[in-house]
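Survey of secondary and tertiary structure
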Amino acid sequence: MIKHLLFIIFLFVVIFSFGQNIKYKLSMNQPQNHYYQVEIELSDLKKSEFNLKMPIWAPGSYLAREFAKNVNLVKAFDSKGNIVKVKKTNKNTWKIYGFKGNRVVIKYDVYAFELSVRTSFLDLTHGFVSGSGVFMYVEELKNKPGLLEIIPHKSFKVITTALNEEIFWKSEFSSRCYKFNNYDHLVDCPIEIGNQLLFSFDASGVNHTVAMYGFGNYSVDKLQKDMTNIVESATAVFGYNPNKEYTFIIHNVVNAQGGLEHKNSTVLSVNRWTYEGEQYIKFLKLVAHEYFHLWNVKRIRPIELGPFNYDQENFTSLLWVMEGFTSYYEKLILYRAGYYSQIDFLNSMFSTLNYVEGSLGSRVQPVSHASFDAWIKAYRPNENSHNTTMSYYSRGSIIAMILDIQIIKKYNGKRSLDNFMQDLYSKYYIKKKRGFSENEFKQELKKILGESIEQFYTDYIDGTKIPNYTEIFFPLGLNVKYIGKPKPSVGMTLSSSQGKTIVKSIRNNSSSEQAGISVNDEIIGCNGIRVNKKSLDIYFNTVELGEEIDILFARDEQIFSTTIIVDAYEKPEFKYIIEDNINNNHLFNYWLK
Ligand SMILES: [Zn+2]
C-alpha cells in the first residue's frame, strides 16, 4: 500500500512539477475492435467552460477528412469524479461546461481502421496513430506543452515516434510517457505501436531510426547504406540538417499509399516487394521526396501552412512550390546520390514534361489554381478531372526545373535553385521564424531572376501556356523538338466490369462526346458485332480519320445507338537530343554536376 502511495505521489510530482497542465493518455484495451481510448486531463483551467475540437484534416494531406466521424460518446469528469456536462455544438466541437474547480478529465473512444499515412489504425498486429485524427484540442491551449502517456496493448512491445520521452517517467505498467512542446508538435509526430523491427543509421550528423511494420523483401544492410546516401545527398542541398534525430515509420503492405512528411519524421506506405530492381529506385525516390520535405514545406513554407488551423481548410496557391519543387528534387537527389545516370534523370524529367503538356487539364487549370483548389479537386477527383485539372506535383516539378535552368543561365553556372532554396530557408525559417506570403515568394523569385518573372507568372503560374522548351534548353546543349502530330482519335477510354465494357472517360470535344456517349455507358456492340474491352481497344487504336463507327450502348437499362465520326487529336509531345559535345557545355555540367 505504501509502495503504491509513494508511486502516486511520485507521478503527481513528475506531472505537475514541470508545469504540464495538459496530459493525454492513449490506451488500446481491445485492438480487435479497432478503438483507441483517449483521456485528456486539463488542470489549472481558468474558465468554467471551454470547447474541445477534433481536427478536420491532417497537415500535408489537403482534404477535409472530418475525423470527428470516428468519435463516439465524449464524457467529462471534474476532479471529484462527478460528471461534467458535454454538448456537441458543430460537426467537430464539443462544449464542456458548468463544472466547479480547475481540473477536468475528458474521455472518448476513436475508431481507427484506415491504414494510410494520414489516418489511424489499430488491430491485433499493430497500432498506427496519426495524431490529428486521434487527439482533440482546446484552441486556447494549443500553444502549451504537455505530456502523452501511451499504454500499449500487452501484446505490443515497441513504440516508435519522434516525440522525446519524459526521462523522469517511471511506471509499474508497460506505459511510456512523451513530451510535446505544443499541439502542432504532438500531431506532427505519428506513432507506431506494435512489434515492428527497428534499425538505425547515422547520416549527416543525424541519428535515424527506422521502424518496419510488415514483412517485405528488404535487406537492412542495403537500406542502411542507401538511405544514408539519400540523406546525405538531400542535406547537401542546404549544407545543414536541422534535426538531431529523425524517424522513418515504414508500413510494408499490399496497397502502397505513398508518404507523409513531418518535421523530424515521416511515414511511408510501400508495397512489401518494393525492395528490388526498378521498384527499389521508386522506393528510394519516395525516401528522397519525404526527406526533402523536412526543409521544403515543414520549414520553408507558405504562411498558411504552419502554425495550422485544424478547424478548416488551409488554402494556399503555393503547393506547386511545396510539392512540385520537392518532386524535382527527389529526382535530383537520386541523380546526385548515384542512383540515376544523366540519361535516367533526363528521361524521367521529359516523361513528366510530356505527361504535363499532354494533359488536357494543363490547358484549363493554372498551377496556382490547382494548388488552391487541391482540397476540392486534386483530392476529390471525378470522371471529368482529366479534362479540367492538372497535377501541381508534376507541373510544379517542371517549373522548378525551368527556374533552376534560368538561374544557372543568368548567373552563368555559378548559382542554381539550390541557392534560392538556401536563401528562403535562412531568410524565412531561421531569421523571420515564419512562412512567406504568396507575394513575398514572388518577390524572392524577382530578386534572383529579375523583372521577367512577372510575365513568367502570367504565362505559366497563373496561366496555362506551354513554355518554349527549345529556347529554354538550347544553351545547355539539349536540342528539344516538338513532335506532337494530329492522330485519329475516338476520345474514350474503357474499363471492364463483370463482363461488361464500360466507358471510363470521355475527352472534351472528342468524337465520342459529339456522338453523345457518356462515362458509365455500357458499350454492347460496334459495327453490328458484339465487342469487349480488349477487342475495342485494339480497334480504336487502328481507326482512320473520318471513319464512321456504329455503336450500340446501354444507359440505365435503355439501349441506344449512335455513330462516331473519327476526328483528329494532337497531343503535345517533346523529345530531346543531346549534343555531341555536351560535356564541354559548362552550364549543363553545372546543372547535372
Ligand atoms: Zn510531397
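Before reading further, recall that the structure is shown in the block above.
Below, the structure is looked at part by part. On a predicted model such as this, the values are computed, not experimentally measured, just so you know. (Residues numbered from 1 in each chain as written. Predicted model: local features only at pLDDT ≥ 70, side-chain atom pairs only at ≥ 80, totals over all residues. Heavy atoms only, no water.)

This paragraph deals with the coordination of the zinc ion. Only H289 (NE2), H293 (NE2) and E323 (OE) from the protein coordinate the zinc ion, and they sit 2.0 to 2.1 Å from it. Sequence spacing of the donors to the zinc ion: H-x3-H-x29-E. Placement of the pair is H293 in the loop between α4 (277-292) and α5 (319-336) and E323 in helix α5, with a sequence separation of 30 residues. Each member of the pair, H293 as well as E323, carries the same accessibility label: buried. (Donors = N, O, S within 2.8 Å, 3.2 Å for Na, K, Ca; no water. Helix = DSSP H or I, 4+ residues; strand = E, 2+ residues; numbered from the N terminus. Buried < 20%, exposed > 50% of the residue type's maximum accessible area, 1.4 Å probe, protein only.)

Turning our eyes to something else, we now look at the side chain of Q37. Here Q37 is to be found in strand β2 (residues 35-42). The class for Q37 is buried, based on a relative accessible area of 17%. A polar atom in the side chain of Q37 sits 3.0 Å from the backbone nitrogen of N29. Among residues more than four places away in sequence, those in contact with Q37 are K25, L26, S27, M28, N29, Y108 and D109. (Polar contact = N/O pair within 3.5 Å; in protein donor to acceptor, adjacent residues only side chain to side chain. Contact = heavy atoms within 4.5 Å.)

What follows concerns helix α10 (residues 417-432). With 16 residues, α10 should reach 22 Å at 1.5 Å per residue; the first-to-last C-alpha distance of 21 Å fits that figure. Listing the buried residues of α10 in full gives L417, D418, N419, F420, M421, L424, Y425 and Y428. Residues of α10 that are buried in the fold lie against α3 (220-238), α4, α5, α9 (392-410), α11 (438-449) and α16 (586-591). Directly beyond the C-terminal end of α10, a positive phi value near 55° is found at K433. (Expected span 1.5 Å × (residues − 1).)

As a further point, take the sheet that holds strand β15 (residues 197-203). One open sheet holds the five strands; their spatial order is β15-β16-β17-β19-β18, and the pairing between them is mixed. Strands at the two margins of the open sheet, each flanked by one partner only, are β15 and β18 (258-261). For this sheet, the mean angle separating the axes of adjacent strands, direction not counted, is 15°. Pairing of β15 with strand β16 (residues 206-213) involves seven bridges; the strand directions are antiparallel. Bridge pairing in β16 links F201 to H208. Against the sheet, α3 touches β15, β16 and β17 (245-253), its axis set at about 40° to β15. (Pairing = 2+ DSSP bridges. Axes fitted to C-alpha atoms, helices over the stretch in contact; angles between N-to-C directions.)

With mixed pairing, ten strands are arranged side by side in an open sheet as β3-β6-β5-β4-β7-β2-β1-β10-β13-β12. The open sheet has two edge strands, β3 (49-53) and β12 (164-165), and neither has a second partner.

Glancing now at the packing of α3 against α5. α5 packs onto α3 with a crossing angle of 115° between their chain directions and a minimal axis gap of 9 Å. Crossing hand, α3 versus α5: right-handed. Contacts between α3 and α5 involve I230, S233, A234 and V237 from the former and Y329, I333, L334 and R336 from the latter. A per-class count over the contact of α3 with α5 returns six nonpolar, one polar and one charged. (Left-handed = near helix turned anticlockwise from the far one by under 90°. Nonpolar A, V, L, I, M, F, W, Y, C, P; charged D, E, K, R; others polar.)

We now examine the pairing of strand β4 (residues 75-78). Working note: regular strand, side chains alternate between the two faces of the sheet. The pairing of β4 with strand β7 (residues 104-111) spans four bridges and is classified as antiparallel. Each bridged residue has a counterpart across the sheet, and for A76 the counterpart in β7 is I106. Connecting β4 to the antiparallel partner strand β5 (residues 83-90) that follows it, the hairpin turn spans four residues, and G81 within it adopts a positive phi of roughly 90°.

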